[in-house]
Amino acid sequence: YDIACFPLQLNVPCKIRVRYRKFGSLCPLVKMALLTNLASATLQLDDDGFDVVTTRDQRTVEDRIDLDCFSQLRAQPASKADRWHLNKAAHVTFLRSGLQQLGPGYACLDASRPWLIYWCVHGLDLLGYTLNDDERASCLSTLERCQCPTGGFGGGPGQLPHLAPTYAAINALCILGGDALTIIQRDKLTSFLSRVHQADGSFTMHDGGEADIRGAYCAASVASLTCLNMPELFQSTADWICRCQTYEGGISAVPGTEAHGGYAFCGLAALVLLEATDQFDLEQLAWWAVHRQMRFEGGFQGRTNKLVDGCYSFWVGGVFPLLSRLQEQAAGTPQPMLCSEDGLRDYVCICCQAQRGGLVDKPGKGRDFYHTCYCLSGLAALGHPELTRPAHYAYNINAD
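What you are looking at is a predicted structure, and each value in this text was computed from that prediction instead of being measured.

Undergrad: Pulling in residues and values, what's your account of the packing of aromatic side chains?
TA: This structure, assessed with the given rule, holds 18 aromatic pairs. Seen from their ring centres, Tyr167 and Tyr217 are 5.2 Å apart, and the 55 degrees between their planes marks the pair as tilted. Here Tyr217 lies in helix α9 (residues 213–225) and Tyr167 lies in helix α7 (residues 163–176), a separation of 50 residues in the sequence. Like Tyr217, Tyr167 is buried. Take Tyr217: its relative accessible area is 1%, and that puts it in the buried class. Among the aromatic residues, ring-to-ring pairing joins Trp115, Tyr118, Trp119, Tyr167, Tyr217, Phe265, Phe314, Trp315, Tyr370 and Tyr374 into one connected group. If you follow Arg345 out to its NZ or CZ, it ends over the ring of Trp84, 5.0 Å from the centre.

Undergrad: Help me get a handle on the layout of surface pockets, residues and values and all.
TA: Leftover empty space is mapped by rolling, across the atoms, a probe with the size of a water molecule. Space inside the largest pocket adds up to approximately 740 Å³. Among the elements of the structure, α2 (53–75) and α12 (282–290) are those that each provide at least two residues to the lining of the largest pocket. At 5 residues, the largest contribution of residues to the lining of the largest pocket is made by α2. Here the residues of the lining of the largest pocket are counted per class, giving 8 nonpolar, 8 polar and 11 charged.

Undergrad: Tell me about the packing of α2 against helix α15 (residues 341–351), residues and numbers included.
TA: Any two packed helices are characterised by how steeply their axes cross, that is the angle between the axes, and by the distance between the axes. Contact geometry of α2 with α15 gives a least axis separation of 11 Å together with a crossing angle of 110 degrees. Accordingly, the angle class assigned to the pair α2 and α15 is roughly perpendicular. Along the contact surface, α2 presents Ile65, Cys69, Phe70 and Leu73, while α15 presents Tyr347, Ile350 and Cys351. When its residues are assigned to classes, the contact of α2 with α15 shows 7 nonpolar, no polar and no charged.

Undergrad: Tell me about the pattern of salt bridges, and name the residues and values.
TA: Two side chains that carry opposite charge are able to pair once their charged atoms sit near each other. Applying the stated criterion to the full structure yields 18 salt bridges. When the shortest N-O distance is used, the salt bridge between Arg214 and Glu210 registers 2.9 Å.

Thresholds, definitions, all that
- Residues numbered from 1 in each chain as written.
- Predicted model: local features only at pLDDT ≥ 70, side-chain atom pairs only at ≥ 80, totals over all residues.
- Heavy atoms only, no water.
- Phe/Tyr/Trp six-rings, centres within 6.5 Å; stacked < 30°, edge-to-face > 60°.
- Helix = DSSP H or I, 4+ residues; strand = E, 2+ residues; numbered from the N terminus.
- Buried < 20%, exposed > 50% of the residue type's maximum accessible area, 1.4 Å probe, protein only.
- Lys NZ or Arg CZ within 6 Å of the ring centre and 35° of its normal.
- 1 Å grid on protein atoms, 1.4 Å probe; cavity = no way out; pocket = protein on both sides within 12 Å on 5 of 7 lines; lining within 4 Å.
- Points joined across faces, edges and corners; volume = space filled by probe spheres on them.
- Nonpolar A, V, L, I, M, F, W, Y, C, P; charged D, E, K, R; others polar.
- Axes fitted to C-alpha atoms, helices over the stretch in contact; angles between N-to-C directions.
- Parallel < 35°, antiparallel > 145°, perpendicular 65-115°, else oblique.
- Contact = heavy atoms within 4.5 Å.
- Salt bridge = Lys/Arg side-chain N within 4 Å of Asp/Glu carboxyl O.

Put into structure tokens, the structure is as follows:
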């Protein structure tokens, strides 16, 4: 497999070709290459003479990142501590604003209230901020009103139950801790999960809705976190997830469609929670995930031939600690990450921090709570010296 390896120096790539003999046993060459500068080469796009929309877009992104971010570092080299410094105070202020009265620009997220709470409280938790009593009470009140009489949580008060906001609500309640979990109506939640379960092992996102890989992950995560003993509900789920693996090695929304970063995390994390990874081709997934890290930017793209995006710091980056843990279990010894942690830290910390707080998709984009949460989640998953709170990567909440 071609493993794109980023050394410990900014903007110096190398590429090596290796062959896996066994997923749990990375050869010494891979381990060395992931930690060592082996070669120097140009990192920017080589379009092979094909000037099309996607190559022009890629060059535009690379040029902006080089001009606005990396060129300054080449002119004035900085230590890793300086390069990777997080403006934590500004990020905390921004995330706390998401727990207050929001302006009319957020009307489009009226069906995503549990998500807004989760993005903000998880980001704040990663940054080491503890909610005050008023903030915590406000979160609990909103989440309780989003719980549906028929089980599960809707995107807002009075809305239909949906697996996505149910996942976000349960995660947020786990982060809030203490008596927060007592608001969950577990018997009705069990009924909701049973209603959206399909005979082939998949789950629809809501009653009569679409079935895709998000449903399988959200259902597995919710059932696991709330200790619902429902093994019969997930009896065929692992087989269905395996059918979603594509010819590239990634995971698609449903069998037969395109691999995507978010779906890759959902599929692998669901298999981890279901303890069913032995059925899956992990080598092919590792190959696909490795090639989603951008050579020049250091961040991740979500699909082949797409642009870098800060949110995939977690949706793709979060795949690697899960793979590393599985490798350790198979090999019996600690295993390195199959990506460049330094490359991701450079991209997020240098290119994605908004001056007023919050994080962005890429330079030139606006800050938002979603990208702030998942940029920080990606840094936490791959390790960052200023984010020391231990995390459970399959749930994307703190390990406590």
